[in-house]
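Topology and contacts: notes
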Amino acid sequence: MGLNCGIVGLPNVGKSTIFNAMTAAGVESANYPFCTIDPNVGVVSLSDPRLTRLQELFESKKCVPATVEFVDIAGLVAGASKGEGLGNKFLAHIRETDAILHVVRCFEDEQVVHVEGSVDPARDIETIDLELILADMDSLAKQKLRIDKKARSGDKEAKADLAVTEKVLKALEDGKPARSLELTDDERLIIRDAHLITMKPVLFVGNVAEDMLGQPNPLVDKLEEIAKAQGAEVVIMSGVIESELASLDEAEQKDFLADLGLEEAGLDRLGHAAYKLLGKITYFTAGPQEARAWTVPFGALAPAAASEIHSDIERGFIRAEVATFEEMDAIGPWPAIKEAGKLRLEGKDYPVQDGDVIYFRFNV
């Protein structure tokens, strides 16, 4: 179960630079709007020292990390919801993602033009948010037209659907994203077909200059203030630094990060933040052939987690043999875990926990 995050923002804020660093895809990054027209897709492996440790313990031939799919969507501009700057096409790409990574420019550079002529995180965020809200208003207005006739004829279900549609539409008209509303599962189902962009969770990414990473920055302060008001998280990173890191091998990356006084690359922090944003956790399987990280939603039960490996395991599920990563790290692989009495046998009602190491028993 991969994660799919769309990278959005105004032109020339550093989206493609960050994407290039993520994927080493060589996506064109230039100093003019609409450099990226079609969405570029890259799959990024999530670094996880737990997986590396399991590979060591089991002497696995390979390890397979969890992944996040990032989609680099071209820069939006004011009027995108009405088709400005190929806006309709760009908005359609955003609708297909699970979450939004909103890249905000937090650096001054006369050599990199800004479409508005100056750098202002508050204005830039407002521009993007407004376009997404206007696009959602258009989608809901069309849905309202479809169900209004049935509601007028006395259809009770249509009346209920109309009430929910109007409730969300009113919030959008007030400048509030759909995700700001506390909707029930049934209400979410009613508006599902509208594919609302502002229903998606958002993670803000503040792109700072290389020499400003970790330094006081009023532009970052403003971004964090806005994110806090929206209940969103912020990852601060430098696209330039991440690009340099992407060109180094693992040992060189560690030295480079140490020289900068950093423990973790910005892209790693971004990947893990995206994971958290979508409510995902990781469990592991390990053996001589491979150690692998699997992605499941928080609260997933053992059979559903097993289905990520193969549907046959879910259908024939008998039990799950489970140990925590911490136990396995301290004690050793399965034989040592069993001898220490730390092996747990869990059934179909067991909610898988982040960091579980699992061996599934099943009937073919």
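This section reports on the structure supplied with the text. Bear in mind that the values here come from a model prediction, so they are computed numbers and not experimental data.

Quick look at the overall build of the protein chain
Regarding its fold elements, the protein chain presents 14 helices and 12 strands. Within the protein chain, residue pairs in contact and separated by at least 24 positions form 68% of the contacts whose partners lie at least 6 positions apart. Per element, the accessible surface of the protein chain, about 18,200 Å² overall, is 50% carbon and sulfur.

Looking at the pairing of strand β1 (residues 3-8)
Where burial is concerned, most of β1 is hidden: six out of the six residues are buried. Burial along β1 is two-sided: the residues L3, C5 and I7 and N4, G6 and V8 are all buried. Taken together, the five bridges between β1 and strand β4 (residues 67-72) define a ladder with parallel strand orientation. Note on β4: the bridge partner recorded for N4 is E69. Where β1 lies against strand β5 (residues 99-105), four bridges are found, and the strand directions are parallel. If you follow G6 over to β5, its bridge partner there is I100.

Structural notes on the nonpolar core
Residues L54, F70, L270 and M328 are the most contacted members of the largest nonpolar core, which totals 64 residues. Filtering out sequence-adjacent residues up to four positions away, L270 remains in contact with I18, M22, L101, L203, V205, V235 and M237. Ranked by size, the runner-up nonpolar core spans 16 residues in total, among them A305, A306, I313 and V352.

Describing the environment of D221
As for its position among the elements, D221 is in helix α7 (residues 218-230). Distance from D221 to C106, taken between C-alpha atoms, is 9.5 Å for residues 115 residues apart in sequence.

Structural notes on unusual backbone geometry
One non-glycine residue with positive phi stands out, namely N12, at about 65 degrees. For N12, the position within the fold is in the loop between β1 and α1 (15-23). For N12, a relative accessible area of 12% puts it in the buried group. Positive phi, close to 50 degrees, is recorded for H195, a residue that is not glycine.

Some remarks on a negative patch on the surface
Where like charges cluster on the molecular surface, the negative patch consists of D249, E252, D255 and D259. With respect to the helices and strands, the residue D255 is situated in helix α9 (residues 250-260).

A closer look at the side chain of T282
With respect to the helices, strands and loops of the structure, T282 is situated in strand β8 (residues 280-286). There is a polar contact of 2.8 Å between the side chain of T282 and the side chain of Y275. For T282, the residues in contact, after removing those within four places along its chain, are R50, Y275, A293, W294, Q353, D354, G355 and D356.

Reading guide: rules and limits
Residues numbered from 1 in each chain as written. Predicted model: local features only at pLDDT ≥ 70, side-chain atom pairs only at ≥ 80, totals over all residues. Heavy atoms only, no water. Helix = DSSP H or I, 4+ residues; strand = E, 2+ residues; numbered from the N terminus. Contact = heavy atoms within 4.5 Å. Areas by Shrake-Rupley, 256 points an atom, 1.4 Å probe, with all protein chains shown as cover. Buried < 20%, exposed > 50% of the residue type's maximum accessible area, 1.4 Å probe, protein only. Pairing = 2+ DSSP bridges. Core = buried A, V, L, I, M, F, W, Y, C linked by side-chain atoms within 4.5 Å. Patch = residues over 30% accessible without salt bridge, like charges linked within 9 Å, V, L, I, M, F, W, Y side chains within 5 Å. Salt bridge = Lys/Arg side-chain N within 4 Å of Asp/Glu carboxyl O. Lys, Arg positive; Asp, Glu negative; His and termini not counted. Charge placed at Lys NZ, Arg CZ, Asp CG, Glu CD. Polar contact = N/O pair within 3.5 Å; in protein donor to acceptor, adjacent residues only side chain to side chain.

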